[in-house]
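These are the residues of each chain, in order.
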Amino acid sequence: MKATITVLPGDGIGPEVTTQAVSVLSRIGTLRHHDFIFREALIGGAAIDRTGSPLPDETLSICEQSDALLLGAVGGPQWSDPTAGVRPEQGLLKIRKHFNLFANLRPVKAYPALALHTPLRADLLENVDMLFVRELTGGLYFGPRQEQGDGDTAYDTEVYTVAEVERVARVAFQAARRRRQKVTSVDKANVLASMRLWRRTVVKVHEDYADVALEHVLVDACTMYLMTRPASFDVVLASNMFGDILSDEASVLAGSLGMLPSASLGSSTFGLYEPVHGSAPDIAGQGKANPVGTILSAAMLLRYSLGLEAEAQAVERAVEAALADGARTADICARGEAYLSTAEFTQEILNRL
Ligand code: NAD
């Protein structure tokens, strides 16, 4: 197949990790006879320095002409003045909004080899493999708010429409069909009207997915279950705020922030793929960045935007095999243990593809 992939390296370790993910995509393309065309464009602080804008028009037009976007990270201390008119994150928010990417997918997997790096007992981590589907463009973070007034009162409003819940619920049920056929919908239906609409709508959408099991869990209980029975989750469907908080809580199960991938999708196959971590200025330029989050994001790109499931699994298996064989970057090695550089670690993955 032929596909155009726009690479947005961004700032800090962004260019280091996207370079590694592109080498994995190129290799899988060669091995399976696909024609992947990579185009690079500016975003974030790097774009501000060159053009004055965190998302130049040229970047947007390159993105519009591609099948998928692979992003590193944006931001850094040199652009962090809160009073500045332009900030690197604006580029990312603008791109999500421009392409109406309403579903954020974050898989969280526990690797037995990395159990030492998590706060949980090793037996609780067995078979932990879940996918968060978080609503990304509605809810509390986008509802009407009041911050000024007399200074004594402030409010944020959670607003959801049936259409908004329906479309993200469909993403969750469809994802569950490719996995272990279970969706856990998180809400607070016992207290909030918006969450009663959420639950009602999820139940209705479920009628089209009778082959998938559906459970409802209240958000407060969910925070406990993620730690006490993490292996029981398959797909976790949550609102913008609940998904934000719960996916961060669950990320500790993976052993390092550097391990976690994500995808942001809309109503077509087009998507934005990026690691969960930021630009890590403290380790930038030192070859210490863990490229796994970005490489697994590239695997999601193969799966969701290009429909190449076998290729996606091949990448995921190569990552697991490298870890199982003891390959480590600095963030996941035991104290005093030798570790590989970002490029050396990627080579271990390439060797196993
Ligand atoms: P961060 O995720 O960049 O780093 C947090 C810690 O995790 C650091 O100690 C870092 O060294 C480590 N880390 C992160 N990724 C790693 C990797 N791949 N391998 C090894 N270690 C890794 O978060 P931060 O320090 O709070 O933010 C730094 C900058 O990144 C800020 O400007 C912030 O705004 C930005 N940021 C961007 C995004 C994004 O682009 N999506 C997300 C979060 C933060």
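Trainee: Quick one: what's the story with a nonpolar patch on the surface, residue by residue and with numbers?
Mentor: Taken together, the side chains of Tyr-141, Phe-142 and Ile-245 make up a nonpolar region of the molecular surface, amounting to roughly 310 Å² of accessible area. For Phe-142, the position within the fold is in the loop between strand S5 (129-135) and strand S6 (145-146).

Trainee: Tell me about the domain arrangement of the protein, and name the residues and values.
Mentor: Many authors give the size of an interface as the accessible area that is lost as the parts come together. Here the protein is partitioned into domain 1 (1-107 + 260-353) and domain 2 (119-146 + 154-254). A separation of 25 Å is found between the C-alpha centroids of domain 1 and domain 2. Between domain 1 and domain 2, the residue contacts involve 14 residues of the former and 16 residues of the latter. If you sort the residues of domain 1 by the area they bury against domain 2, Phe-102, Asn-104 and Arg-106 come out on top, with a joint share of 47%. Applying the counting criterion to the domain 1 and domain 2 interface returns 2 salt bridges.

Trainee: Describe unusual backbone geometry, with residues and values.
Mentor: A positive phi angle, near 50°, is found at Asn-100, a position not held by glycine. Mapped onto the elements of the fold, Asn-100 is located in the loop between helix H4 (88-98) and strand S4 (103-109). Taking the relative accessible area as the measure of exposure, Asn-100 reaches 36% and is therefore partly exposed. Positive phi is not limited to glycine here, since Ala-280 has a value of about 40°. Its place among the elements puts Ala-280 in the loop between strand S12 (271-275) and helix H10 (292-304). Residue Ala-280 is classed as partly exposed on the basis of its relative accessible area, which comes to 21%.

Trainee: Can you break down the environment of Val-17 residue by residue, with the values?
Mentor: Residue position: Val-17 is located in helix H1 (residues 14-31). When its relative accessible area of 0% is taken as the criterion, Val-17 is described as buried. Along the primary structure Val-17 and Ala-289 are separated by 272 residues, whereas in three dimensions their C-alpha atoms are 7.1 Å apart. The contacts of Val-17, once residues within four sequence positions are left out, are His-277, Ala-289, Asn-290, Pro-291 and Thr-294.

Trainee: I'd like a description of the site of the ligand, backed by residues and values.
Mentor: Surrounding the ligand, one finds 20 residues, the nearest of these being Val-74, Gly-278, Ala-280, Asp-282 and Asn-290. At a separation of 3.1 Å, an oxygen atom of the ligand approaches a polar backbone atom of Gly-76. The protein chains hide 66% of the 810 Å² of surface that the ligand would expose on its own. Per-class residue counts for the shell around the ligand are 9 nonpolar, 7 polar and 4 charged.

Trainee: Residue-level account of the nonpolar core, with values.
Mentor: Within the largest apolar cluster, 87 residues are counted, with the highest numbers of intra-cluster contacts made by Leu-105, Met-130, Val-133, Leu-237, Tyr-273 and Leu-302. Looking at which element gives the most residues to this core, the answer is H10, with 9 residues. Both domains that meet at this core, namely domain 1 (1-107 + 260-353) and domain 2 (119-146 + 154-254), each give it at least three residues. Grouped together as the second largest cluster of nonpolar side chains are 16 residues, Ile-43, Cys-63, Ile-95 and Leu-272 included.

Trainee: Run through the environment of Cys-222, naming residues and quoting values.
Mentor: With respect to the element layout, Cys-222 can be found in helix H8 (residues 219-228). Since its relative accessible area comes to 0%, Cys-222 is described here as buried. Separated by 36 residues in sequence, Cys-222 and Val-186 place their C-alpha atoms 7.3 Å apart. Non-local contacts of Cys-222, meaning those with residues more than four positions away in its chain, are made with Val-186, Val-217, Phe-233 and Leu-246.

Trainee: Explain the packing of H10 against helix H11 (residues 309-324) to me, using residue names and the numbers behind them.
Mentor: Two numbers describe how H10 lies on H11: the axes approach to 7 Å, and their chain directions differ by 160°. What the angle tells us is that H10 and H11 run roughly antiparallel. Where H10 crosses over H11, the handedness of that crossing is left-handed. In this structure, H10 uses Val-292, Ile-295, Leu-296, Ala-299, Leu-302 and Arg-303 to contact H11, whose residues at the interface are Glu-309, Glu-311, Ala-312, Gln-313, Val-315, Glu-316 and Val-319. In the contact of H10 with H11, the residues fall into 8 nonpolar, 1 polar and 4 charged.

Criteria and thresholds
- Residues numbered from 1 in each chain as written.
- Predicted model: local features only at pLDDT ≥ 70, side-chain atom pairs only at ≥ 80, totals over all residues.
- Heavy atoms only, no water.
- Patch = residues over 30% accessible without salt bridge, like charges linked within 9 Å, V, L, I, M, F, W, Y side chains within 5 Å.
- Areas by Shrake-Rupley, 256 points an atom, 1.4 Å probe, with all protein chains shown as cover.
- Salt bridge = Lys/Arg side-chain N within 4 Å of Asp/Glu carboxyl O.
- Helix = DSSP H or I, 4+ residues; strand = E, 2+ residues; numbered from the N terminus.
- Domains from an automatic or database assignment.
- Contact = heavy atoms within 4.5 Å.
- Buried area = accessible area lost by both parts, 1.4 Å probe.
- Buried < 20%, exposed > 50% of the residue type's maximum accessible area, 1.4 Å probe, protein only.
- Near = heavy atom within 4 Å.
- Polar contact = N/O pair within 3.5 Å; in protein donor to acceptor, adjacent residues only side chain to side chain.
- Nonpolar A, V, L, I, M, F, W, Y, C, P; charged D, E, K, R; others polar.
- Core = buried A, V, L, I, M, F, W, Y, C linked by side-chain atoms within 4.5 Å.
- Axes fitted to C-alpha atoms, helices over the stretch in contact; angles between N-to-C directions.
- Parallel < 35°, antiparallel > 145°, perpendicular 65-115°, else oblique.
- Left-handed = near helix turned anticlockwise from the far one by under 90°.

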